Amino acid sequence: MAGNAGKSGQDPRTTLELLLSQQPKTYEEIARDFGVLARKMGEDATLTARHLRRLASGQRSGVNPVTRRVLQMMFGKPLEELLSPWDGTLVAGSTPSGLVISTGHPTADKELINVAAQRARRFALTTGQTDLTPEAMEQVHADVRRLAMEYPQRPLSELLPDMIEAQDTIYTLLERQRRPGQARQLL
């Protein structure tokens with residue numbers, strides 16, 4: 001599709017379509033930007049131009065949690081707001097100017113804070129150092145303890161992303177050369 005994303009000569013159908021129409025990029029370019037942002041966030045996510053087009057037009061509304069987090073970070077709005085029918089209240093030119101610190105929506109803000117915290121934790125635990133610091137080892141233990149405490153109280157579907165993240169971090173730490181005592185602590 002040539003030209004700006006969302007430019008079809010008709011009123012935008014969703015808030016996302018309005019925001020995309022204000023971008024001086026094609027759907028393909030925006031989908032590539034999505035991939036770049038996902039990698040910066042430490043997320044394993046891709047989005048095709050076709051899927052983005054369907055989301056923007058309102059033909060599709062379901063996305064996985066990773067895609068949700070990246071889209072919310074990319075546009076600084078909760079996914080529900082992005083996919084809601086456009087009500088004409090946004091002013092032209094209100095395109096986001098990069099990453100947003102706060103969305104003004106507590107749920108989206110909490111998700112953005114969680115993404116940032118996970119990225120910082122992953123960086124601190126998996127940087128190039130050979131030996132784990134006592135603080136890093138304590139962080140791994142604290143993450144596992146928190147998951148163990150929350151497991152009986154929250155649905156597995158809510159905990160699964162954090163469980164997978166903890167598992168991935170532990171495997172990454174085990175794959176590196178460690179002193180035997182550190183490896184035993186991780187197991």
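Thresholds applied
The residue numbers shown here count from 1 along each chain, following its written sequence. Confidence filtering applies because this is a predicted model: local features only for residues at pLDDT of at least 70, side-chain atom pairs given and counted only at 80 or more, and all residues used for totals across whole chains, interfaces and linings. Side-chain numbers here rest on the full set of heavy atoms in the structure, without hydrogens or water. Secondary structure counts use DSSP, requiring at least four H or I residues in a row for a helix and at least two E residues in a row for a strand, with both numbered from the N terminus. Exposure is judged per residue with a 1.4 Å probe applied to protein chains only, and the accessible area is read against the type maximum: over 50% gives exposed, under 20% gives buried, and values in between give partly exposed. We call two residues in contact whenever any of their non-hydrogen atoms come within 4.5 Å of each other. To measure how exposed things are, a 1.4 Å probe is used in the Shrake-Rupley method; for residues, cover is taken only from the protein chains shown. A helix is expected to span 1.5 Å multiplied by its residue count minus one. Residue types Ala, Val, Leu, Ile, Met, Phe, Trp, Tyr and Cys, when buried and joined through side-chain atoms within 4.5 Å, form a set referred to as a nonpolar core. Working convention: axes come from line fits to C-alpha atoms, limited for helices to the stretch in contact. Angles between N-to-C directions cover 0 to 180 degrees. Here is the rule for angles: anything less than 35 degrees is roughly parallel, anything more than 145 is roughly antiparallel, 65 through 115 is roughly perpendicular, and the remaining ranges are oblique. Under the scheme applied, nonpolar residues are Ala, Val, Leu, Ile, Met, Phe, Trp, Tyr, Cys and Pro; charged residues are Asp, Glu, Lys and Arg; polar residues are all the others, including Gly. Think of a polar contact as two N or O atoms within 3.5 Å of one another; within protein, one of them needs to be a possible hydrogen donor and the other a possible acceptor, and neighboring residues in sequence only count if both atoms come from side chains. Here pLDDT means the predictor's own confidence in every residue, given as a number from 0 to 100.

Visitor: Sorry, what's going on with the overall build of the chain here?
Guide: A tally of helices and strands in the chain yields 9 helices and 0 strands. Classification of the 187 residues of the chain by burial places 39% in the buried group. A separation threshold of at least 6 residues defines the contact pool for the chain, and within that pool the share at least 24 residues apart is 59%. Carbon together with sulfur atoms contributes 55% to the accessible area of the chain, which is approximately 11,100 Å² in total.

Visitor: Mind showing me how you'd approach helix α7 (residues 134-150) here?
Guide: Side chains three or four residues apart in an α-helix point the same way, a direct result of the helix having 3.6 residues per turn. With 17 residues, α7 extends 24 Å between its outermost C-alpha atoms, agreeing within 8% with the 24 Å of an ideal straight helix rising 1.5 Å per residue. Of the positions making up α7, those classed as buried are Ala136, Met137, Val140, Asp143, Leu147 and Glu150.

Visitor: Teacher, can you tell me more about the nonpolar core here?
Guide: Within soluble globular proteins, side chains that are nonpolar generally end up buried alongside one another. With 25 residues, the main nonpolar core has Leu16, Leu20, Phe34, Leu52, Leu55, Leu71 and Phe75 as its most contacted residues. Breaking this core down by element, the ones donating at least two residues are α1 (15-21), α2 (27-40), α3 (49-57), α4 (65-75) and α5 (79-83). Considering each element in turn, this core owes the most residues, 6 residues, to α4.

Visitor: Sorry if this is basic, but what is going on with the packing of α2 against α4 here?
Guide: In helix packing, the relevant descriptors are the interaxial angle and the interaxial distance, both defined with respect to the helix axes. Where α2 contacts α4, the axes come no closer than 10 Å and their chain directions differ by 105 degrees. Taken together, the axis directions place α2 and α4 in an arrangement best described as roughly perpendicular. Where α2 abuts α4, its residues Ile30, Asp33, Phe34, Leu37 and Ala38 lie against Thr67, Val70, Leu71, Met73 and Met74. Looking at the contact of α2 with α4 residue by residue, the classes come out as 8 nonpolar, 1 polar and 1 charged.

Visitor: Can you help me understand the side chain of Glu43 in this one?
Guide: With respect to the helices, strands and loops of the structure, Glu43 is situated in the loop between α2 and α3. At a separation of 2.9 Å, a polar atom in the side chain of Glu43 contacts the side chain of Arg69.

Visitor: How should the confidence of the model for the chain be read in this particular structure?
Guide: A low pLDDT means the predicted coordinates there should not be read in detail. Looking at the chain as a whole, the pLDDT averages 76, with 66% of positions reaching at least 70. Helix α6 (residues 106-126) is the least confidently modelled element of the chain, averaging 65 in pLDDT, while α3 averages 92, the highest of any element. Under a pLDDT of 50 for its full length, residues 90-103 has, in the predicted model, 27 contacts with residues more than four places off or in other chains.

Visitor: Help me understand the environment of Tyr27 in this model?
Guide: Mapping Tyr27 onto the fold places it in helix α2. Sequence separation of Tyr27 and Ala49 is 22 residues, and the distance between their C-alpha atoms is 5.1 Å.

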